[in-house]
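Chain and residue survey
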Amino acid sequence: MTLTLHDNSGLLGEEKLDELCKKNLEYLDFGNTLDWLLPEDSEMLDGCEWLGKIIGRDADVLVVIGVGGSNRAARAVYEALGSRSRTQIEWVGLNYSAKEMNALLEWLKYKEVYINVIAKNFKTLEPGLWFRVLRNWLIEEYGEEEYSSHIICTGTPGSDLHQLAEGNGYYFLDFPVDTCGRYSAFTPVALFPLAVAGLNIREMINGAKVMRMMLEKPDHNPALMLASARNYLYENGYKLEMLSFFEPSLERFSKWWTQLFAESEGKDGKGLYPIVGSFTEDLHSIGQYIQQGEPILFETFLNILDTEDRQIDLTDIPDGFEYLDGKTFNDVNKAAFKATLEAHSKRFPCFKIDIVSLDEFTFGELFYFFMFTCCLSARILGVNPFDQPGVEGYKEKTIASLKANI
Ligand code: PA5
(Lines give C-alpha, C1' and ligand atoms only; values in the text may rest on other atoms or scores of the structure.)
Protein backbone atom coordinates (compact mmCIF):
# COMPACT_ATOMS: atom_id res chain seq x y z
CA MET A 1 0.00 0.00 0.00
CA THR A 2 1.34 3.45 -0.82
CA LEU A 3 -0.01 6.91 -0.09
CA THR A 4 0.76 9.88 -2.33
CA LEU A 5 -0.29 13.51 -2.19
CA HIS A 6 -1.67 15.12 -5.36
CA ASP A 7 -2.08 18.82 -4.88
CA ASN A 8 -2.14 21.44 -7.61
CA SER A 9 -4.29 23.77 -5.54
CA GLY A 10 -1.35 25.29 -3.69
CA LEU A 11 -3.02 24.55 -0.35
CA LEU A 12 -0.76 21.88 1.02
CA GLY A 13 2.22 20.60 -0.99
CA GLU A 14 4.98 18.17 0.04
CA GLU A 15 6.99 20.71 2.04
CA LYS A 16 4.08 21.85 4.17
CA LEU A 17 3.04 18.24 4.75
CA ASP A 18 6.56 17.39 5.87
CA GLU A 19 6.55 20.29 8.32
CA LEU A 20 3.15 19.21 9.74
CA CYS A 21 4.36 15.64 10.18
CA LYS A 22 7.43 16.79 12.08
CA LYS A 23 5.24 18.89 14.34
CA ASN A 24 2.82 16.02 14.98
CA LEU A 25 5.45 13.33 15.41
CA GLU A 26 4.77 13.20 19.15
CA TYR A 27 1.36 11.63 18.44
CA LEU A 28 3.10 8.63 16.91
CA ASP A 29 4.69 7.76 20.19
CA PHE A 30 2.08 5.37 21.50
CA GLY A 31 4.41 2.89 23.14
CA ASN A 32 2.33 -0.25 23.50
CA THR A 33 -0.98 1.45 24.09
CA LEU A 34 -2.41 0.48 20.68
CA ASP A 35 -1.42 -3.18 20.82
CA TRP A 36 -5.04 -4.21 21.16
CA LEU A 37 -5.70 -3.00 17.59
CA LEU A 38 -4.09 -6.23 16.44
CA PRO A 39 -4.26 -8.88 19.15
CA GLU A 40 -1.60 -11.60 18.81
CA ASP A 41 -3.90 -14.46 19.74
CA SER A 42 -3.37 -17.67 17.83
CA GLU A 43 -5.91 -19.55 19.97
CA MET A 44 -8.59 -17.07 18.99
CA LEU A 45 -7.64 -17.43 15.32
CA ASP A 46 -7.66 -21.25 15.54
CA GLY A 47 -11.06 -21.13 17.25
CA CYS A 48 -12.60 -18.88 14.57
CA GLU A 49 -11.22 -21.10 11.82
CA TRP A 50 -12.33 -24.33 13.47
CA LEU A 51 -15.90 -23.26 14.15
CA GLY A 52 -16.03 -21.30 10.88
CA LYS A 53 -15.17 -24.43 8.92
CA ILE A 54 -17.89 -26.47 10.61
CA ILE A 55 -20.61 -23.87 10.10
CA GLY A 56 -19.35 -23.09 6.59
CA ARG A 57 -19.75 -26.80 5.78
CA ASP A 58 -23.24 -27.19 7.29
CA ALA A 59 -25.06 -23.89 6.77
CA ASP A 60 -26.86 -22.58 3.71
CA VAL A 61 -27.17 -19.26 5.49
CA LEU A 62 -25.44 -17.57 8.39
CA VAL A 63 -27.57 -14.71 9.66
CA VAL A 64 -25.28 -12.16 11.29
CA ILE A 65 -27.14 -9.96 13.77
CA GLY A 66 -25.17 -6.86 14.73
CA VAL A 67 -25.13 -3.13 14.15
CA GLY A 68 -22.38 -0.52 13.67
CA GLY A 69 -18.97 -1.84 14.56
CA SER A 70 -20.45 -5.25 15.21
CA ASN A 71 -20.98 -5.82 11.51
CA ARG A 72 -19.19 -3.37 9.24
CA ALA A 73 -15.64 -4.74 8.97
CA ALA A 74 -16.73 -8.30 8.16
CA ARG A 75 -19.40 -7.11 5.79
CA ALA A 76 -16.90 -4.88 3.94
CA VAL A 77 -14.70 -7.87 3.15
CA TYR A 78 -17.58 -10.24 2.44
CA GLU A 79 -19.35 -7.89 0.02
CA ALA A 80 -16.11 -7.26 -1.88
CA LEU A 81 -14.80 -10.84 -2.05
CA GLY A 82 -17.97 -12.95 -1.76
CA SER A 83 -18.34 -16.35 -0.12
CA ARG A 84 -15.94 -19.19 -0.84
CA SER A 85 -17.90 -21.73 1.19
CA ARG A 86 -21.43 -23.02 0.62
CA THR A 87 -22.69 -20.48 3.14
CA GLN A 88 -24.29 -17.21 2.23
CA ILE A 89 -24.28 -14.46 4.87
CA GLU A 90 -27.26 -12.21 5.59
CA TRP A 91 -26.60 -9.05 7.64
CA VAL A 92 -29.48 -7.97 9.87
CA GLY A 93 -30.25 -6.20 13.13
CA LEU A 94 -29.64 -2.83 11.50
CA ASN A 95 -33.13 -1.37 11.91
CA TYR A 96 -36.65 -2.04 13.22
CA SER A 97 -38.16 -2.84 9.84
CA ALA A 98 -40.95 -5.42 10.07
CA LYS A 99 -40.93 -5.57 6.26
CA GLU A 100 -37.29 -6.64 6.28
CA MET A 101 -37.89 -9.18 9.05
CA ASN A 102 -40.91 -10.72 7.28
CA ALA A 103 -39.00 -10.97 4.00
CA LEU A 104 -36.05 -12.62 5.75
CA LEU A 105 -38.21 -15.23 7.53
CA GLU A 106 -39.91 -16.07 4.26
CA TRP A 107 -36.57 -16.41 2.46
CA LEU A 108 -35.05 -18.58 5.21
CA LYS A 109 -37.71 -21.28 4.79
CA TYR A 110 -36.31 -24.72 3.87
CA LYS A 111 -32.72 -23.52 4.34
CA GLU A 112 -30.16 -24.74 6.86
CA VAL A 113 -29.75 -21.65 9.05
CA TYR A 114 -27.27 -20.59 11.73
CA ILE A 115 -27.20 -17.32 13.63
CA ASN A 116 -24.24 -15.28 14.83
CA VAL A 117 -25.41 -12.54 17.20
CA ILE A 118 -22.69 -9.95 17.81
CA ALA A 119 -23.10 -7.34 20.52
CA LYS A 120 -20.51 -5.99 22.89
CA ASN A 121 -22.68 -6.11 25.99
CA PHE A 122 -26.11 -6.86 24.48
CA LYS A 123 -27.81 -3.61 25.50
CA THR A 124 -28.34 -2.30 21.96
CA LEU A 125 -31.95 -2.59 20.87
CA GLU A 126 -31.61 -3.49 17.16
CA PRO A 127 -29.64 -6.74 17.72
CA GLY A 128 -31.73 -7.51 20.83
CA LEU A 129 -34.99 -7.36 18.88
CA TRP A 130 -33.77 -9.30 15.84
CA PHE A 131 -32.19 -11.98 18.00
CA ARG A 132 -35.40 -12.53 19.97
CA VAL A 133 -37.48 -13.10 16.83
CA LEU A 134 -34.89 -15.21 15.01
CA ARG A 135 -34.23 -17.33 18.09
CA ASN A 136 -37.95 -18.15 18.29
CA TRP A 137 -37.90 -19.01 14.60
CA LEU A 138 -34.96 -21.39 15.16
CA ILE A 139 -36.81 -23.08 18.06
CA GLU A 140 -39.82 -23.64 15.81
CA GLU A 141 -37.66 -24.97 12.99
CA TYR A 142 -35.25 -27.21 14.91
CA GLY A 143 -37.03 -27.88 18.22
CA GLU A 144 -35.97 -27.14 21.81
CA GLU A 145 -33.31 -29.86 21.79
CA GLU A 146 -31.42 -28.93 18.66
CA TYR A 147 -31.82 -25.19 18.07
CA SER A 148 -29.06 -24.09 20.47
CA SER A 149 -26.33 -25.62 18.31
CA HIS A 150 -27.40 -23.16 15.59
CA ILE A 151 -26.50 -20.08 17.64
CA ILE A 152 -23.09 -18.47 18.02
CA CYS A 153 -22.86 -15.45 20.31
CA THR A 154 -20.00 -12.94 20.13
CA GLY A 155 -19.91 -10.75 23.23
CA THR A 156 -17.77 -9.60 26.11
CA PRO A 157 -17.12 -12.09 28.89
CA GLY A 158 -19.55 -11.53 31.76
CA SER A 159 -22.03 -9.58 29.61
CA ASP A 160 -25.76 -10.33 29.36
CA LEU A 161 -25.06 -12.10 26.08
CA HIS A 162 -22.47 -14.30 27.74
CA GLN A 163 -24.95 -15.31 30.41
CA LEU A 164 -27.62 -16.01 27.80
CA ALA A 165 -25.16 -18.22 25.90
CA GLU A 166 -24.05 -20.09 29.01
CA GLY A 167 -27.59 -20.58 30.24
CA ASN A 168 -28.86 -21.98 26.94
CA GLY A 169 -25.88 -23.84 25.55
CA TYR A 170 -25.02 -21.50 22.65
CA TYR A 171 -21.47 -21.23 21.29
CA PHE A 172 -19.68 -18.18 22.69
CA LEU A 173 -16.84 -16.15 21.14
CA ASP A 174 -15.00 -13.31 22.88
CA PHE A 175 -15.52 -9.68 21.95
CA PRO A 176 -12.44 -8.26 23.72
CA VAL A 177 -13.42 -5.97 26.58
CA ASP A 178 -10.87 -3.30 25.65
CA THR A 179 -12.00 -3.02 22.01
CA CYS A 180 -14.95 -0.97 20.77
CA GLY A 181 -16.92 -2.14 17.76
CA ARG A 182 -15.38 0.03 15.06
CA TYR A 183 -11.87 -1.13 16.03
CA SER A 184 -12.78 -4.84 16.13
CA ALA A 185 -11.70 -5.92 12.62
CA PHE A 186 -9.07 -8.31 13.97
CA THR A 187 -11.24 -10.01 16.61
CA PRO A 188 -13.91 -12.75 16.33
CA VAL A 189 -16.44 -9.96 15.67
CA ALA A 190 -15.21 -9.86 12.06
CA LEU A 191 -12.99 -12.93 11.78
CA PHE A 192 -15.61 -15.55 12.62
CA PRO A 193 -18.20 -14.64 9.93
CA LEU A 194 -15.38 -14.33 7.39
CA ALA A 195 -14.09 -17.78 8.36
CA VAL A 196 -17.61 -19.19 7.83
CA ALA A 197 -17.54 -17.68 4.33
CA GLY A 198 -14.27 -19.58 3.71
CA LEU A 199 -12.18 -16.40 3.50
CA ASN A 200 -8.55 -16.47 4.56
CA ILE A 201 -8.52 -14.67 7.90
CA ARG A 202 -4.81 -15.46 8.42
CA GLU A 203 -3.99 -13.49 5.30
CA MET A 204 -6.02 -10.60 6.68
CA ILE A 205 -3.96 -10.69 9.87
CA ASN A 206 -0.75 -10.91 7.79
CA GLY A 207 -1.75 -7.78 5.89
CA ALA A 208 -2.34 -5.98 9.19
CA LYS A 209 1.04 -7.08 10.55
CA VAL A 210 2.87 -5.76 7.50
CA MET A 211 1.03 -2.47 7.86
CA ARG A 212 1.84 -2.29 11.57
CA MET A 213 5.53 -2.66 10.76
CA MET A 214 5.29 0.14 8.21
CA LEU A 215 3.56 2.46 10.68
CA GLU A 216 6.09 1.92 13.43
CA LYS A 217 8.63 4.07 11.56
CA PRO A 218 8.33 7.84 11.86
CA ASP A 219 9.83 8.65 8.42
CA HIS A 220 7.40 8.86 5.52
CA ASN A 221 4.76 7.42 7.79
CA PRO A 222 1.54 7.40 5.70
CA ALA A 223 -0.75 7.40 8.73
CA LEU A 224 0.99 10.43 10.20
CA MET A 225 0.88 12.15 6.81
CA LEU A 226 -2.85 11.62 6.36
CA ALA A 227 -3.69 12.41 9.99
CA SER A 228 -1.64 15.63 9.85
CA ALA A 229 -3.13 16.72 6.53
CA ARG A 230 -6.68 16.00 7.69
CA ASN A 231 -6.29 18.24 10.72
CA TYR A 232 -4.52 21.02 8.83
CA LEU A 233 -7.21 21.09 6.14
CA TYR A 234 -9.95 20.96 8.76
CA GLU A 235 -8.46 23.99 10.51
CA ASN A 236 -8.38 25.77 7.16
CA GLY A 237 -12.08 25.39 6.46
CA TYR A 238 -12.14 22.02 4.68
CA LYS A 239 -14.76 20.35 6.85
CA LEU A 240 -15.44 17.21 4.80
CA GLU A 241 -13.24 14.32 3.78
CA MET A 242 -14.44 12.27 0.85
CA LEU A 243 -13.35 8.67 0.35
CA SER A 244 -13.58 7.96 -3.37
CA PHE A 245 -13.04 4.86 -5.46
CA PHE A 246 -13.72 3.52 -8.92
CA GLU A 247 -14.66 -0.01 -7.84
CA PRO A 248 -18.21 -0.27 -6.47
CA SER A 249 -17.44 -3.43 -4.50
CA LEU A 250 -15.65 -1.08 -2.08
CA GLU A 251 -18.95 0.54 -1.11
CA ARG A 252 -19.32 -1.55 2.03
CA PHE A 253 -15.75 -0.79 2.97
CA SER A 254 -16.60 2.90 2.71
CA LYS A 255 -19.43 2.36 5.21
CA TRP A 256 -16.92 0.91 7.66
CA TRP A 257 -14.59 3.87 7.02
CA THR A 258 -17.46 6.36 7.51
CA GLN A 259 -18.36 4.91 10.89
CA LEU A 260 -14.76 4.74 12.04
CA PHE A 261 -14.08 8.43 11.46
CA ALA A 262 -17.55 9.81 12.27
CA GLU A 263 -17.81 8.05 15.63
CA SER A 264 -14.18 8.54 16.58
CA GLU A 265 -13.83 12.22 15.71
CA GLY A 266 -17.29 13.78 15.56
CA LYS A 267 -17.59 15.10 19.10
CA ASP A 268 -16.99 18.11 21.32
CA GLY A 269 -18.33 20.29 18.48
CA LYS A 270 -15.46 19.19 16.22
CA GLY A 271 -14.50 16.71 13.52
CA LEU A 272 -14.32 16.23 9.77
CA TYR A 273 -17.55 14.95 8.23
CA PRO A 274 -16.82 11.76 6.25
CA ILE A 275 -18.55 11.37 2.89
CA VAL A 276 -18.20 8.82 0.12
CA GLY A 277 -17.84 8.99 -3.66
CA SER A 278 -18.59 5.75 -5.50
CA PHE A 279 -17.33 6.60 -8.96
CA THR A 280 -18.05 6.97 -11.70
CA GLU A 281 -21.75 6.88 -10.68
CA ASP A 282 -21.43 9.69 -8.13
CA LEU A 283 -19.50 11.86 -10.58
CA HIS A 284 -22.87 12.30 -12.26
CA SER A 285 -24.37 13.72 -9.07
CA ILE A 286 -22.09 15.14 -6.38
CA GLY A 287 -19.34 15.40 -9.02
CA GLN A 288 -20.83 18.77 -9.96
CA TYR A 289 -20.60 20.05 -6.38
CA ILE A 290 -17.05 18.79 -5.99
CA GLN A 291 -15.91 20.69 -9.08
CA GLN A 292 -17.76 23.95 -8.63
CA GLY A 293 -19.55 24.05 -5.28
CA GLU A 294 -18.32 25.60 -2.05
CA PRO A 295 -14.70 24.52 -1.41
CA ILE A 296 -15.27 22.58 1.80
CA LEU A 297 -13.94 19.13 1.03
CA PHE A 298 -10.77 17.28 0.20
CA GLU A 299 -10.49 13.75 -1.09
CA THR A 300 -8.79 10.44 -0.38
CA PHE A 301 -8.87 8.02 -3.31
CA LEU A 302 -8.59 4.25 -3.04
CA ASN A 303 -6.99 2.90 -6.20
CA ILE A 304 -6.75 -0.83 -6.90
CA LEU A 305 -3.80 -1.52 -9.19
CA ASP A 306 -4.61 -5.06 -10.27
CA THR A 307 -8.30 -5.68 -10.87
CA GLU A 308 -10.47 -8.01 -12.87
CA ASP A 309 -10.69 -6.86 -16.48
CA ARG A 310 -12.71 -7.47 -19.61
CA GLN A 311 -12.21 -6.65 -23.25
CA ILE A 312 -14.89 -4.34 -24.62
CA ASP A 313 -16.95 -5.94 -27.41
CA LEU A 314 -16.51 -4.79 -31.00
CA THR A 315 -19.67 -3.99 -32.94
CA ASP A 316 -20.76 -3.72 -36.59
CA ILE A 317 -23.52 -1.32 -35.61
CA PRO A 318 -22.13 2.24 -35.57
CA ASP A 319 -22.96 3.67 -32.11
CA GLY A 320 -20.76 6.71 -31.79
CA PHE A 321 -18.38 5.01 -29.33
CA GLU A 322 -15.84 3.78 -31.90
CA TYR A 323 -13.00 5.08 -29.70
CA LEU A 324 -13.73 2.14 -27.38
CA ASP A 325 -12.62 -0.40 -29.98
CA GLY A 326 -9.64 -2.45 -28.80
CA LYS A 327 -9.90 -1.16 -25.23
CA THR A 328 -10.74 -2.92 -21.96
CA PHE A 329 -13.00 -1.87 -19.07
CA ASN A 330 -9.92 -1.05 -17.03
CA ASP A 331 -8.55 1.20 -19.80
CA VAL A 332 -11.72 3.25 -19.48
CA ASN A 333 -11.85 3.15 -15.68
CA LYS A 334 -8.22 4.24 -15.39
CA ALA A 335 -8.76 7.08 -17.89
CA ALA A 336 -11.73 8.26 -15.80
CA PHE A 337 -9.69 8.04 -12.61
CA LYS A 338 -6.74 9.97 -14.08
CA ALA A 339 -9.03 12.71 -15.37
CA THR A 340 -10.89 12.95 -12.04
CA LEU A 341 -7.73 13.12 -9.97
CA GLU A 342 -6.29 15.77 -12.26
CA ALA A 343 -9.42 17.89 -12.09
CA HIS A 344 -10.07 17.53 -8.36
CA SER A 345 -6.47 18.11 -7.29
CA LYS A 346 -6.59 21.51 -8.97
CA ARG A 347 -9.31 22.52 -6.51
CA PHE A 348 -8.10 20.90 -3.30
CA PRO A 349 -5.47 18.44 -2.03
CA CYS A 350 -6.14 14.82 -2.89
CA PHE A 351 -4.53 11.72 -1.46
CA LYS A 352 -4.19 8.52 -3.47
CA ILE A 353 -3.87 5.18 -1.74
CA ASP A 354 -2.66 2.51 -4.15
CA ILE A 355 -3.52 -1.03 -3.16
CA VAL A 356 -2.19 -3.99 -5.09
CA SER A 357 -5.39 -6.02 -5.38
CA LEU A 358 -8.66 -6.68 -3.64
CA ASP A 359 -8.03 -9.60 -1.30
CA GLU A 360 -7.87 -10.53 2.38
CA PHE A 361 -4.28 -9.30 2.77
CA THR A 362 -5.16 -5.87 1.40
CA PHE A 363 -8.21 -5.57 3.64
CA GLY A 364 -5.94 -6.35 6.61
CA GLU A 365 -3.63 -3.54 5.51
CA LEU A 366 -6.48 -1.10 4.97
CA PHE A 367 -8.25 -1.81 8.25
CA TYR A 368 -5.05 -1.41 10.23
CA PHE A 369 -3.98 1.68 8.30
CA PHE A 370 -7.25 3.54 8.78
CA MET A 371 -7.75 2.52 12.42
CA PHE A 372 -4.24 3.71 13.25
CA THR A 373 -4.65 6.91 11.21
CA CYS A 374 -7.95 7.59 12.95
CA CYS A 375 -6.38 7.25 16.41
CA LEU A 376 -3.58 9.66 15.47
CA SER A 377 -5.96 12.08 13.82
CA ALA A 378 -8.33 12.14 16.80
CA ARG A 379 -5.43 12.74 19.18
CA ILE A 380 -4.21 15.65 17.03
CA LEU A 381 -7.78 17.00 17.01
CA GLY A 382 -7.94 16.59 20.78
CA VAL A 383 -10.87 14.19 21.08
CA ASN A 384 -11.24 10.69 22.52
CA PRO A 385 -11.34 8.27 19.56
CA PHE A 386 -12.80 5.43 21.59
CA ASP A 387 -16.12 6.69 22.91
CA GLN A 388 -19.41 7.56 21.17
CA PRO A 389 -21.53 9.44 23.72
CA GLY A 390 -23.90 10.73 21.02
CA VAL A 391 -24.75 7.22 19.83
CA GLU A 392 -25.19 5.98 23.38
CA GLY A 393 -27.56 8.92 23.95
CA TYR A 394 -29.77 7.79 21.06
CA LYS A 395 -29.81 4.22 22.38
CA GLU A 396 -30.74 5.28 25.94
CA LYS A 397 -33.51 7.67 24.84
CA THR A 398 -35.20 5.07 22.60
CA ILE A 399 -35.13 2.47 25.34
CA ALA A 400 -36.40 4.94 27.96
CA SER A 401 -39.35 5.91 25.75
CA LEU A 402 -40.29 2.26 25.18
CA LYS A 403 -40.05 1.52 28.91
CA ALA A 404 -42.27 4.51 29.68
CA ASN A 405 -45.01 2.98 27.50
CA ILE A 406 -45.06 -0.46 29.15
O1 PA5 B 1 -18.01 1.31 17.53
C2 PA5 B 1 -18.83 1.07 18.40
O3 PA5 B 1 -18.49 0.73 19.56
C4 PA5 B 1 -20.32 1.17 18.13
O5 PA5 B 1 -20.57 1.55 16.82
C6 PA5 B 1 -20.99 -0.17 18.36
O7 PA5 B 1 -20.35 -1.14 17.57
C8 PA5 B 1 -22.47 -0.17 18.00
O9 PA5 B 1 -23.13 0.88 18.63
C10 PA5 B 1 -23.12 -1.51 18.42
O11 PA5 B 1 -22.93 -1.74 19.80
P12 PA5 B 1 -23.10 -3.19 20.43
O13 PA5 B 1 -22.06 -4.09 19.86
O14 PA5 B 1 -22.91 -3.00 21.91
O15 PA5 B 1 -24.48 -3.67 20.07
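None of these values were measured; they are calculated from a predicted model. (Residues numbered from 1 in each chain as written. Predicted model: local features only at pLDDT ≥ 70, side-chain atom pairs only at ≥ 80, totals over all residues. Heavy atoms only, no water.)

Glancing now at helix H9 (residues 222-235). Between its first and last C-alpha atoms H9 spans 20 Å; for 14 residues at 1.5 Å apiece the expected length is 20 Å, and the two agree. Measuring from the backbone nitrogen of Ala223 back to the side-chain oxygen at the start of H9 gives 3.0 Å, which picks out Asn221 as the cap. (Helix = DSSP H or I, 4+ residues; strand = E, 2+ residues; numbered from the N terminus. Expected span 1.5 Å × (residues − 1). Polar contact = N/O pair within 3.5 Å; in protein donor to acceptor, adjacent residues only side chain to side chain.)

By nearness alone, 14 residues border the ligand, and Ser70, Lys120, Thr124, Gln259 and Glu263 come closest of all. At 2.6 Å from an oxygen atom of the ligand is found a side-chain nitrogen or oxygen belonging to Gln259. Summarising the interface, the protein chains cover 94% of the accessible area of the ligand, which totals 390 Å² for the free molecule. The class makeup of the residues in the shell around the ligand is three nonpolar, seven polar and four charged. (Near = heavy atom within 4 Å. Areas by Shrake-Rupley, 256 points an atom, 1.4 Å probe, with all protein chains shown as cover. Nonpolar A, V, L, I, M, F, W, Y, C, P; charged D, E, K, R; others polar.)

To continue, consider the sheet that holds strand E4 (residues 113-118). Pairing is parallel across the open sheet formed by five strands, whose spatial order is E3-E2-E4-E5-E6. Edge positions in the sheet fall to strand E3 (88-92) and strand E6 (171-174), since each of these pairs with one other strand and no more. Each strand axis lies, on average, 20 degrees off the axis of its neighbour in the sheet, ignoring direction. Its contacts with the sheet place helix H5 (residues 125-146) against strand E2 (61-65), E3, E4 and strand E5 (151-155), and it is angled at close to 155 degrees to E4. (Pairing = 2+ DSSP bridges. Axes fitted to C-alpha atoms, helices over the stretch in contact; angles between N-to-C directions. Contact = heavy atoms within 4.5 Å.)

With that out of the way, let us pick up the packing of helix H3 (residues 72-81) against helix H10 (residues 251-265). Their axes nearest at 7 Å, the elements H3 and H10 cross at an angle of 160 degrees. Relative to H10, the element H3 is oriented roughly antiparallel. Seen along the crossing, H3 lies across H10 with a hand that is left-handed. Where H3 approaches H10, its residues Arg72, Ala73, Arg75, Ala76 and Glu79 are matched on the opposing element by Arg252, Phe253, Lys255, Trp256 and Gln259. (Parallel < 35°, antiparallel > 145°, perpendicular 65-115°, else oblique. Left-handed = near helix turned anticlockwise from the far one by under 90°.)

Examined against the element boundaries, Met214 turns out to sit in helix H8 (residues 201-216). Met214 sits in the partly exposed class, given a relative accessible area of 29%. C-alpha separation for the pair Met214 and Leu314, spaced 100 residues apart in sequence, amounts to 45 Å. If sequence neighbours within four positions are ignored, Met214 has contacts with Met1, Asn221 and Pro222. (Buried < 20%, exposed > 50% of the residue type's maximum accessible area, 1.4 Å probe, protein only.)

Looking now at the sheet that holds strand E10 (residues 350-355). Across a sheet, strands are paired by hydrogen bonds formed along the backbone, either parallel or antiparallel in direction. Spatial strand order, E1-E10-E9-E7-E8: five strands in an open sheet with mixed pairing. One side of each edge strand has no neighbouring strand; the edge strands of this open sheet are strand E1 (2-6) and strand E8 (273-278). The average undirected angle you get between the axes of adjacent strands in this sheet is 20 degrees. Both strand E7 (residues 240-245) and strand E9 (residues 297-304) contribute to a ladder of six bridges, which runs parallel. Each bridged residue has a counterpart across the sheet, and for Met242 the counterpart in E9 is Glu299.

Further remarks concern the pairing of E3. Note: E2 against E3, five bridges, orientation parallel. Looking at E3, one finds that Val63 is bridged to Glu90. Taking the sense of rotation as the criterion, the β-α-β connection linking E2, H3 and E3 turns out right-handed. (Right-handed = clockwise from strand over helix to strand, strands pointing away.)

Quick look at the nonpolar core now. Judged by nonpolar contacts, the single largest core of 105 residues is most densely connected at Phe186, Phe253, Phe367 and Phe370. Ranked by residues supplied to this core, first place goes to helix H13 (residues 360-381) with 14 residues. Residues in contact with Phe367, not counting those within four places in the same chain, are Ala73, Ala76, Val77, Ala185, Phe186, Met204, Phe253 and Trp256. Residues Ala119, Trp137, Leu138 and Cys153 belong to the second largest nonpolar core, which totals 25 residues. (Core = buried A, V, L, I, M, F, W, Y, C linked by side-chain atoms within 4.5 Å.)

What follows covers helix H7 (residues 188-196). Within H7, nine of the nine residues are buried, which leaves it mostly tucked inside the rest of the structure. Looking one or two residues beyond H7, the residue adopting positive phi is Gly198, at roughly 75 degrees.

Using the criterion set out here, one finds 22 aromatic pairs in the structure. Their ring planes at 40 degrees and their centres at 5.8 Å tell us that Phe253 and Phe367 sit as a pair that is tilted. Of this pair, Phe253 sits in helix H10 while Phe367 sits in helix H13; the two residues are 114 residues apart in sequence, bridging distant segments of the chain. The burial state of Phe253 is the same as that of Phe367; both residues are buried. Seen in terms of ring centroids, Phe369 and Phe370 are 5.1 Å apart; in terms of plane orientation they differ by 65 degrees. Their pairing is edge-to-face. One exposure class covers both Phe369 and Phe370, and it is buried. Every member of this aromatic cluster is reached through a ring pair, and the members are Phe186, Phe253, Trp256, Trp257, Phe261, Phe363, Phe367, Phe369 and Phe370. The aromatic ring of Trp107 is capped on one face by Lys111, whose charged end is 4.2 Å from the ring centroid. Over the ring of Tyr234 we find Lys239, and its NZ or CZ is 4.2 Å from the ring centre. (Phe/Tyr/Trp six-rings, centres within 6.5 Å; stacked < 30°, edge-to-face > 60°. Lys NZ or Arg CZ within 6 Å of the ring centre and 35° of its normal.)

The next point concerns the state of the cysteines. All chains considered together, the criterion is met by zero disulfides. Here Cys21 stays free of any disulfide, with the sulfur of Cys374 as its closest cysteine sulfur at 17 Å. The exposure class assigned to Cys21 is buried, which follows from its relative accessible area of 10%. This cysteine, Cys153, is not joined by any disulfide, and Cys48 carries the nearest cysteine sulfur, 14 Å off. (Disulfide = S-S within 2.5 Å.)

Inspection of the secondary structure puts Glu299 in strand E9. Although Glu299 lies buried, it forms no salt bridge, and the closest oppositely charged side chain, Arg347, sits 9.8 Å away as judged by the N-O distance. A distance of 2.6 Å separates the side chain of Glu299 from the side chain of Ser244, its partner in a polar contact. A polar contact is formed between the side chain of Glu299 and the side chain of His344, at a distance of 2.6 Å. Residues within four places of Glu299 in sequence aside, it is in contact with Met242, Ser244, Phe279, His344, Phe348, Pro349, Cys350 and Phe351. (Lys, Arg positive; Asp, Glu negative; His and termini not counted. Salt bridge = Lys/Arg side-chain N within 4 Å of Asp/Glu carboxyl O.)

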